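Geometric and topological summary
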Amino acid sequence: MSDTENTEQKGLFSRLKNTLTGNNKDTQADSETVIEPRDKPSQNGGFFARLKQGLNRTRTGLTKGLARLGIGKTGIDDELLEDIETLLLMADVGVEATREIISDLEKRVSHAQLEDLDMLFQALQEDMQKLLGPVEQPLVIPENTGKPFVLLMIGMNGAGKTTTIGKLAKRFQGEGKSVMLAAGDTFRAAAVEQLKVWGQRNDVPVVAQKTGSDSASVIYDALQSATAKGVDVLIADTAGRLHTQDNLMSELEKVQRVMGKIDAEAPHETMIIVDASIGQNALNQVEQFHQAVGLSGISVTKLDGTAKGGILFAIAKKTGLPIRYIGIGEGIDDLRVFHAGEFVEALLSREED
Ligand SMILES: Nc1nc2c(ncn2[C@@H]2O[C@H](COP(=O)(O)OP(=O)(O)OP(=O)(O)O)[C@@H](O)[C@H]2O)c(=O)[nH]1
Ligand SMILES: [Mg+2]
């Protein structure tokens, strides 16, 4: 048996090699993917399985590529590291985060710490986890403060703000908290109706005014009402916007400011929602919104149906901002608290695990 065959028989590397299924072309994926909205968790067992399934496209991109790299190789050379670099860049891990991973791998190789491909891939997994570890900072809603915890949801059009609000309302209720929603998207005609539907599904009140009214005033009213009613969590929706739209960015500052009149600490969380499938643009959005209005957390949606899930590494490396939740589908239960270890494991695990 050759060295190559020997290596391929065991450990992580052979697991990766076995993952030779699926089609990873994002362009095809977009037209092929039909995601059925669903209220119930998928029937394929466990949360981890759902996460893994959600990350399918990014995962096959990485594992399939990595598996291919090892074929015919007996040792670790510069060419192999370069190929890994390319794969990471293709998954939108970004130049800086990729550089950090590859430099560490090079260092370990030069110190003869990696004896075979199996150890190399193990090191890769560790390095990926190390990048995400610092941004694993779940949102904590303090108990018994006597006032609503206010969550302001912002981001680009179609990023998933309203859907994430619906998912969060269910999550918080599940934790025994009372929830109210504020229809701060007064711009798009159907936005109020869309939020009301989520309100009905969760049986939570929605404070709204008619389309065209002042967003800050709707959210101010909602905060007054939530305070009076002793609601635990108020989640405010806002209209989608681009960081280049100065007037709309000032509107967000106004929303933040007027809330401060009722509670100097509100909003307690200004969370940007970014769509993973726009890749590096998601990083730009985070940076620009953070500069304009100050962010305290990030949620990344649509990790299902994209091969660009590596964008979390780029966002983590460049911004260091807490990643709170990840969206892996359109259904009400398709939202998870972000955990670095779990994310990397789901990303690099094989189909049958
Ligand atoms: N596949 C998938 N689709 C999602 C996810 N999150 C949201 N969506 C879908 O993305 C689309 C836009 O979601 P919305 O919640 O309306 O986005 P928004 O940011 O409120 O959009 P605007 O109000 O127009 O700015 C909807 O079809 C959602 O079902 C996710 O994690 N995965
Ligand atoms: Mg919306």
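Every chain is numbered on its own, with residues counted from 1 as its sequence reads. Both sets of labels track the order of writing: A upward for chains, 1 upward for ligands. Side-chain atom pairs in this predicted model are given and counted only at pLDDT of 80 or more, local residue features only at pLDDT of at least 70, and totals for whole chains, interfaces and linings cover all residues. In computing side-chain properties, one takes all heavy atoms of the structure into account and sets aside hydrogens as well as water.

1. Side note on the pattern of salt bridges
Short version of the rule: Salt bridge criterion: a side-chain nitrogen from Lys or Arg within 4 Å of a carboxyl oxygen from Asp or Glu. The way it works is that DSSP assigns letters per residue, a run of H or I at least four long becomes a helix, a run of E at least two long becomes a strand, and they are numbered from the N terminus. Each residue is assigned to one of three classes by its accessible area relative to the maximum for its type, calculated with a 1.4 Å probe on protein chains only: buried under 20%, partly exposed between the two thresholds, exposed over 50%.
Within the structure shown, the criterion is met by 18 salt bridges. Note that Arg-108 and Asp-104 form a salt bridge whose closest N and O atoms lie 2.9 Å from each other. Here Arg-108 and its partner Asp-104 are both found in helix H7 (residues 95-110), four residues apart, which amounts to about one turn of the helix. As far as the burial class goes, Arg-108 and Asp-104 line up, both buried. Lys-177 is the salt-bridge partner of Glu-143, the closest N and O atoms lying 4.0 Å from each other. A residue pair is termed long-range when its members are at least 10 positions apart, and Glu-143 in the loop between helix H8 (117-132) and strand S1 (149-154) and Lys-177 in the loop between helix H9 (161-174) and strand S2 (179-182) qualify at 34 residues. Here the residues in one salt-bridge network are Asp-104, Arg-108, Glu-126, Asp-127 and Lys-130, joined through shared partners.

2. Remarks on unusual backbone geometry
A cis amide bond links Ala-266 to the next residue, Pro-267, at an omega of -5°. The phi angle at Ala-112 is positive, at roughly 55°, despite the residue not being glycine. When you line up the elements, Ala-112 lands in the loop between H7 and H8. By relative accessible area, which is 58% here, Ala-112 ends up exposed. In this structure, Lys-302 takes a positive phi of about 60° despite not being glycine.

3. Some points on the packing of aromatic side chains
Quick reminder of the rule: For Phe, Tyr and Trp, where Trp contributes only its six-membered ring, two rings pair if their centres lie within 6.5 Å, and the inter-plane angle classes them as stacked under 30 degrees, edge-to-face over 60, or tilted in between.
Applying the stated rule across the entire model yields two aromatic pairs. Members of the aromatic cluster, joined through ring pairs, are Phe-313, Phe-338 and Phe-343.

4. Comments concerning the nonpolar core
The criterion, for reference: For our purposes a nonpolar core is just a set of buried Ala, Val, Leu, Ile, Met, Phe, Trp, Tyr and Cys residues, chained together by side-chain atoms within 4.5 Å. An automatic or database domain assignment supplies the start and end points of every domain. The contact definition used throughout considers only heavy atoms, calling two residues in contact when any of these lie within 4.5 Å.
Core analysis: the largest hydrophobic core is formed by 76 residues, its most contacted members being Met-128, Leu-132, Leu-312, Phe-313 and Phe-343. Element by element, the count of residues in this core is highest for H8, at eight residues. Shared between two domains, this core takes at least three residues from each, and those domains are domain 1 (3-19 + 44-135) and domain 2 (149-337). When residues no more than four places from it in sequence are discounted, the contact partners of Met-128 are Leu-62, Leu-88, Ile-101, Phe-313, Val-344, Leu-347 and Leu-348. Counting residues in hydrophobic clusters, the runner-up holds 22 residues, among them Leu-139, Ala-159, Val-179 and Ile-273.

5. Here we look at the side chain of Asp-237
The test is simple: This count recognises Lys and Arg as positive and Asp and Glu as negative, with His and chain-terminal groups excluded.
With respect to the helices and strands, Asp-237 occurs in the loop between strand S4 (233-236) and helix H12 (246-262). At 6.0 Å, Lys-161 is the nearest oppositely charged side chain to Asp-237, a buried residue that forms no salt bridge. When residues no more than four places from it in sequence are discounted, the contact partners of Asp-237 are Met-153, Lys-161, Thr-162, Ile-165, Ala-182, Ala-183, Gly-184, Asp-185, Leu-195 and Ile-219.

6. Quick look at the environment of Gly-94
Its location among the elements puts Gly-94 in the loop between helix H6 (78-90) and H7. On a C-alpha basis, the gap between Gly-94 and Ile-315 in space is 8.6 Å, while along the polypeptide they are 221 residues apart. The residues touching Gly-94, leaving out its near neighbours within four places in the chain, are Leu-89, Gln-280 and Ala-314.

7. Here we look at the site of ligand 1
This is how it is decided: When we say a residue is near a molecule or strand, we mean one of its heavy atoms is within 4 Å of it. Distance and chemistry together define a polar contact, namely a pair of N or O atoms within 3.5 Å, with one atom able to donate a hydrogen and the other to accept it when in protein, and with adjacent residues in sequence counting only for side-chain atoms on both sides. Here the open area of atoms and residues is found with the Shrake-Rupley method and a 1.4 Å probe, where only the protein chains shown may cover a residue.
Around ligand 1 sit 21 residues in total, of which Lys-161, Thr-162, Thr-163, Asp-304 and Glu-330 are the nearest. With respect to ligand 1, the backbone of Gly-240 contributes an N or O atom lying 3.3 Å from an oxygen atom. Within the contact set of ligand 1, an oxygen atom lies 3.3 Å away from a backbone nitrogen or oxygen of Gly-329. Within the complex, 84% of the 650 Å² of free accessible area of ligand 1 lies under protein.

8. Some points on the UniProt feature "domain: SRP54-type proteins GTP-binding" (unreviewed entry) in the protein
Keep this limit in mind: UniProt positions are given in the numbering used here, feature names are shortened, and annotations may be inferred rather than shown by experiment.
Residues annotated by UniProt as "domain: SRP54-type proteins GTP-binding" (unreviewed entry) correspond here to residues 322-335. Taken end to end, residues 322-335 is 0% helix and 43% strand, and its first and last C-alpha atoms sit 16 Å apart.

9. A few points about the environment of Leu-303
Mapped onto the fold, Leu-303 is located in the loop between strand S6 (297-301) and helix H14 (311-319). Residues Leu-303 and Asn-56, 247 residues apart in the sequence, show an inter-C-alpha distance of 8.7 Å. Not counting chain neighbours up to four residues away, the residues in contact with Leu-303 comprise Gly-54, Leu-55, Ala-276, Gly-309, Leu-312, Ile-326, Gly-327, Ile-328 and Phe-343.

10. Observations concerning the pairing of S4
Side-chain positions along a regular strand alternate between the two faces of the sheet. Our working rule: When DSSP locates at least two bridges between a pair of strands, those strands are taken to pair.
The side-chain alternation of S4 yields two buried faces, one formed by Val-233 and Ile-235 and the other by Leu-234 and Ala-236. Pairing between S1 and S4: four bridges, direction parallel. Across the sheet, the residue bridging to Leu-151 is Ile-235, located in S4.

11. Side note on the environment of Pro-138
By the element assignment, Pro-138 lies in the loop between H8 and S1. Accessibility expressed as a relative area gives 33% for Pro-138, which makes it partly exposed. Between the C-alpha atom of Pro-138 and that of Ile-323, which follows or precedes it by 185 residues, the distance is 7.2 Å. Residues contacting Pro-138, with those up to four places away along its chain left out, are Arg-324, Val-337 and His-339.

12. A short note on helix H10 (residues 191-202)
Our working rule: Expected helix span is given by 1.5 Å per residue-to-residue step, counting one fewer step than there are residues.
Over its twelve residues, H10 extends 17 Å from the first C-alpha to the last, a length consistent with the 16 Å expected when each residue adds 1.5 Å. Of the surrounding elements, those touching the buried residues of H10 are H9, S2 and strand S3 (206-207). Downstream of H10 by one or two residues, Asp-203 has phi in the positive range, about 55°.

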